[in-house]
Amino acid sequence: MTNVAIAGMSDNDRSKTIECTGIYYANSMIPQGELGLEKIVHSFAAKKFLSAYLIKEGVEEEKLNKELLKIVDVRYGKPYEEEITKKCDSFIFKLIPGSEDKIKEIAESGIY
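Our subject in this report is the structure included herewith. (Residues numbered from 1 in each chain as written. Predicted model: local features only at pLDDT ≥ 70, side-chain atom pairs only at ≥ 80, totals over all residues. Heavy atoms only, no water.)

## A few points about the packing of aromatic side chains
- By the definition in use, this model includes one aromatic pair.
- On the numbers, 6.2 Å between centres and 25 degrees between planes, the contact of Phe49 with Tyr53 is stacked. A residue pair is termed a helical-turn pair when its members lie 3 or 4 positions apart in one helix, as Phe49 and Tyr53 do in helix H2 (residues 37-56) at four residues.
- For Tyr53, a relative accessible area of 15% puts it in the buried group.
- Across from the ring centre of Tyr25, 4.6 Å away, lies the NZ or CZ of Lys47, which sits over that ring. (Phe/Tyr/Trp six-rings, centres within 6.5 Å; stacked < 30°, edge-to-face > 60°. Helix = DSSP H or I, 4+ residues; strand = E, 2+ residues; numbered from the N terminus. Buried < 20%, exposed > 50% of the residue type's maximum accessible area, 1.4 Å probe, protein only. Lys NZ or Arg CZ within 6 Å of the ring centre and 35° of its normal.)

Following this line, the structure appears as C-alpha cells:
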C-alpha cells in the first residue's frame, strides 16, 4: 500500500523532490567560472519553482528551508554533478506535469 501524504504526493516523491530542490539550490551557488551560466540559471529557476510547488503541496516553509540547508551543507563546494542533475530533471519533469515548461519560463524571465 502506498503511503499517501500531502495532496496526493507520496512521502517518497516528496522526499525525492526536496532532495532535488536542494541539489538545484547547491548548483545555483557554484561560481559562473566553474559552471556555465545556463546551468546556474536552470538551477535557480528549478529551486524557485519546486520550493513554491512543495509549499503549495503542504510542506511547511520553515521545514522545507531546514531540509534544503541540510542538503546544501553536504553539497556546497563540491563540483557540479551532471548525472545527478539530469536524474532530478527527469524525475521532476515526470512527476509534475508542465514543470519543464514552467522552469524554462522562470529561467527565461530573469526573475529567480
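## A short note on helix H4 (residues 82-95)
- Here H4 contains 14 residues, and its C-alpha end-to-end distance of 20 Å stays within 8% of the 20 Å for a straight helix at 1.5 Å per residue.
- Along H4, the residues classified as buried are Thr85, Cys88, Asp89, Phe91 and Ile92.
- Tucked into the core, H4 has its buried residues touching helix H1 (11-28), H2 and helix H5 (99-109). (Expected span 1.5 Å × (residues − 1). Contact = heavy atoms within 4.5 Å.)

## What about the nonpolar core?
- Judged by nonpolar contacts, the single largest core of 21 residues is most densely connected at Tyr24 and Ile92.
- Mapped onto this core, the elements with two or more residues apiece are H1, H2, helix H3 (61-75), H4 and H5.
- The leading source of residues in this core is H2, at six residues.
- In this view, Tyr24 contacts His42, Ser43, Ala46, Lys47, Leu50, Thr85, Cys88, Asp89 and Ile92; residues no more than four positions away in its chain are not counted. (Core = buried A, V, L, I, M, F, W, Y, C linked by side-chain atoms within 4.5 Å.)

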